[in-house]
Amino acid sequence: MRAGLFLYLSVMEYFDTYQSPIGFLTVCSDGESITRISFSEERQQGARSCPVVDSAINQLNEYFSGERLNFDIPLNPSGTGFQKKVWNELGTIPFGQTISYRNIAIRIGDVKTIRAVGTANGKNPVAIVIPCHRVIGADGKLVGYAGGLWRKKWLLNHEANFNPVKNTLF
């Protein structure tokens, strides 16, 4: 285990690893809510799960099998007030749809915050559940994703396959 990851996980009370179609996801919790879901290159050792982690993993499994369009697990990501405002807005993007960084900035009340919105989007600590993968460039192109653009494209194609509206995403 990498030293930085060990230090991070050691402050978390609970975590487990989920093997998704796009790699391992480490699901972390404070025991009452999910605090982080992040991509990992390997299964994390020493898992200590709890009901909220188990629920999140179950919902991720349903999402990847096309049975779940929305998540309903309690979240408590760590971030600034602005980041949380952006992440809350990301949570309103419907399954299988995309929006631009500019439109997110407009929705939160200041079009001049486009770059800050992009930065907050990139620091989203709860991958997939807070759907930052649904944010694309104003020109409709895939740009930036902490998990890698190949994962972003996979997630958008996955949602397109199960989207009841069947809009073209990009």
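Rules behind the numbers
Residues numbered from 1 in each chain as written. Predicted model: local features only at pLDDT ≥ 70, side-chain atom pairs only at ≥ 80, totals over all residues. Heavy atoms only, no water. Salt bridge = Lys/Arg side-chain N within 4 Å of Asp/Glu carboxyl O. Buried < 20%, exposed > 50% of the residue type's maximum accessible area, 1.4 Å probe, protein only. Helix = DSSP H or I, 4+ residues; strand = E, 2+ residues; numbered from the N terminus.

(A) Broad picture of the pattern of salt bridges. The final tally for this structure, using the stated rule, is four salt bridges. We note a salt bridge from Arg68 to Asp72, for which the minimum N-O separation is 3.7 Å. For Arg68, a relative accessible area of 16% corresponds to the buried category. For Asp72, a relative accessible area of 57% translates into the label exposed. One salt bridge connects Glu159 with Arg134, and the closest N-O pair in it is separated by 2.8 Å. Here Arg134 lies in the loop between helix 5 (114-122) and strand 5 (135-136) and Glu159 lies in helix 6 (residues 149-162), a separation of 25 residues in the sequence. According to the relative accessible area criterion, Arg134 is buried, its value standing at 4%. Here the salt bridges do not stand alone but share partners, grouping Glu62, Arg68 and Asp72 into one network.

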